[in-house]
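# Structural characterization, general
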Amino acid sequence: MSNFAITDTGIIDTNKVPVFTVNTDRSVYEVIRLIEGIALFLEDHFARLLHSARISGIQLNMQLSEFDQAIEKLIITNHQNTGNIKFLLTVTNNMNHWSLSFIPHSYPTDNDYQQGVPTGLLYAERSNPEAKVIQRSVREKADQMIADRKLYEVLLVDRNGLITEGSRSNVFFIKGNRFYTAPAAMVLSGVTRKKVLECLHELNYPVIELAVPAQEVSNYEAVFLTGTSPKVLPIDAIDNCHFKTDHPLMKALMDYYNKKLDEYILSKKG
């Protein structure tokens, strides 16, 4: 099956022609989930893309309406309205180029949401956590550990022994009636994380922005990931430490977030 990419220079069949060479030092990207042809939380993703480009010193000459139109063109060209899409902005030969394409995805199963998923700790940190940039060394280490130990995700631990985020997700901890997550300045603040924080505020659940020390994970009752593909996903274990996957506050949050997601889709279908 052909996978056509929409780029600043036109439509490209990526099975035949590579889009362009990625400059890992001068590239930013955004991954968006499509459900029934609707790009979830499009406005928030575009705002974060602009933020990543700005702090990385890359100019993006595009408006939200143009971003939306490019996604619609991608959907029509590929005859596909479900999955994950990636917008990549990179500097090549002193020129800014962008591409938009479908990428492989793997969504959690119903059993994953009920039983939770296994994770492990990886002692690594992003050099610029506030920008969604390509950092191959961290990603390669994470992917290798995930494959070797058959994990769903790994949680990054910084030089101070603090858990910051997942390799491709954010992480929250629950103790008592309080939710804990690393401060925004320490992580790549995902759009799903932002929406989860909004949900927690609306549910009147206290949130403490505090990075949890890796040595203290056993003090927490429940842990969950947030991200484009997993949405709100319970963690069964961090290494050999297990957690409650049926925590009532976590279950209430999952239901509330899914309701918000459905409302967004319906509003866009209008």
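Here, the structure is the one placed above.
Everything quoted here is computed from the prediction, not taken from an experiment.

## Overview of the packing of aromatic side chains
- In the structure shown here, the tally under the stated rule is 10 aromatic pairs.
- Measuring from ring centre to ring centre gives 5.0 Å for F41 and Y264, while their planes differ by 55°; the resulting arrangement is tilted. Of the two residues, F41 is situated in the loop between β4 (38-39) and α1 (42-55) and Y264 in helix α6 (residues 248-269); the sequence distance between them amounts to 223 residues. Comparing F41 with Y264 shows no difference in burial state: the two are buried.
- For the pair F172 and F224, a centre-to-centre distance of 5.1 Å together with 5° between the ring planes defines the contact as stacked. Here F224 lies in strand β14 (residues 222-227) and F172 lies in strand β10 (residues 170-175), a separation of 52 residues in the sequence.

## Remarks on empty space enclosed by the protein
- A full pass over the atoms with the stated rule returns one cavity of 30 Å³ or more.
- Counted as a void, the largest cavity has a volume near 80 Å³.
- In terms of lining, the largest cavity is formed by R33, L40, F41, H45, V191, T192, G227, T228, K231, Y257 and L261.
- Those elements giving two or more residues to the lining of the largest cavity turn out to be α5 (191-202) and α6.
- Counted by class, the lining of the largest cavity contains five nonpolar, four polar and two charged residues.

## A word on the sheet that holds strand β3 (residues 27-35)
- What the six strands build is an open sheet, ordered β2-β1-β6-β5-β3-β4; its pairing is antiparallel. Each edge of the open sheet carries a strand with a single partner, namely β2 (10-13) and β4.
- Sitting on the sheet, helix α2 (residues 64-78) touches β1 (4-7), β2, β3, β4, β5 (83-92) and β6 (95-103), and the angle it makes with β1 is about 160°.

## Topic: the pairing of strand β15 (residues 231-238)
- Judged by how many residues are buried, β15 sits mostly within the fold: seven of eight residues are covered.
- In this sheet, β15 lies alongside strand β7 (residues 117-123) in parallel orientation, the contact comprising three bridges. Paired with T119 across the two strands is I238, which belongs to β15.
- Relative to β15, β14 is paired through four bridges, and the arrangement is antiparallel. Across the sheet, the residue bridging to G227 is K231, located in β15.
- Linking two consecutive strands that pair antiparallel, namely β14 and β15, is a turn of three residues.
- Sheet analysis places β15 next to strand β16 (residues 241-242), joined by two bridges and oriented antiparallel.

## Digging into the layout of surface pockets
- Here the second largest pocket is characterised by a volume of approximately 150 Å³.
- Looking at the lining of the second largest pocket, the elements with two or more residues in it are β4, α1, α2 and α6.
- It is α2 that contributes the most residues to the lining of the second largest pocket, five residues altogether.
- In terms of residue class, the lining of the second largest pocket is made up of seven nonpolar, one polar and four charged.

## Quick look at unusual backbone geometry
- Here the phi dihedral of F41 falls at roughly 50°; this positive angle occurs in a residue that is not glycine.
- Judged by relative accessible area, which is 6%, F41 ranks as buried.
- Even without being glycine, D239 reaches a positive phi, approximately 55°.
- You can see D239 is positioned in the loop between β15 and β16.
- D239 sits in the partly exposed class, given a relative accessible area of 30%.

## Description of the packing of α1 against α2
- α2 packs onto α1 with a crossing angle of 115° between their chain directions and a minimal axis gap of 11 Å. Viewed along their axes, α1 and α2 form a crossing whose handedness is right-handed. Contacts between α1 and α2 involve L42, E43, F46 and L49 from the former and L64, F67, D68 and I71 from the latter.
- Each residue belonging to the contact of α1 with α2 can be placed in one class, and the counts come to six nonpolar, no polar and two charged.

Reading the values: rules and limits
- Here, residues in each chain are numbered from 1, in the same order as that chain's written sequence.
- Totals for whole chains, interfaces and linings use all residues, but because this is a predicted model, local features are given only for residues with pLDDT of at least 70 and pairs of side-chain atoms are given and counted only at 80 or more.
- Note: side-chain values were computed over all heavy atoms of the structure, leaving out hydrogens and water.
- Two aromatic rings, drawn from Phe, Tyr or Trp (for Trp, its six-membered ring), form a pair once their centres lie within 6.5 Å of each other, and the interplanar angle then sorts them: stacked below 30 degrees, edge-to-face above 60, tilted otherwise.
- A run of H or I in DSSP counts as a helix once it spans at least four residues, and a run of E counts as a strand once it spans at least two, with each numbered from the N terminus.
- Using a 1.4 Å probe on the protein chains alone, a residue whose accessible area is under 20% of its type maximum counts as buried, one over 50% counts as exposed, and one in between counts as partly exposed.
- Only protein atoms enter the 1 Å grid used here. Points where a 1.4 Å probe fits but cannot escape make up a cavity, open sets with protein on both sides within 12 Å along at least five of seven lines make up a pocket, and a residue lines them when an atom lies within 4 Å of a point.
- Grid points are joined across faces, edges and corners, and a volume is the space filled by probe spheres set on the points.
- Note on residue classes: Ala, Val, Leu, Ile, Met, Phe, Trp, Tyr, Cys and Pro are nonpolar, Asp, Glu, Lys and Arg are charged, and everything else, Gly too, is polar.
- When DSSP locates at least two bridges between a pair of strands, those strands are taken to pair.
- The criterion used for residue contact is that any of the two residues' heavy atoms lie within 4.5 Å.
- Angles run from 0 to 180 degrees between N-to-C directions of axes, and those axes are lines fitted to C-alpha atoms, restricted for helices to the stretch in contact.
- Crossing handedness is defined as follows: a turn of the near helix away from the far one that is anticlockwise and smaller than a right angle gives a left-handed crossing, while the clockwise case is right-handed.

So far we have only geometry, and geometry alone does not tell us how the molecule works.
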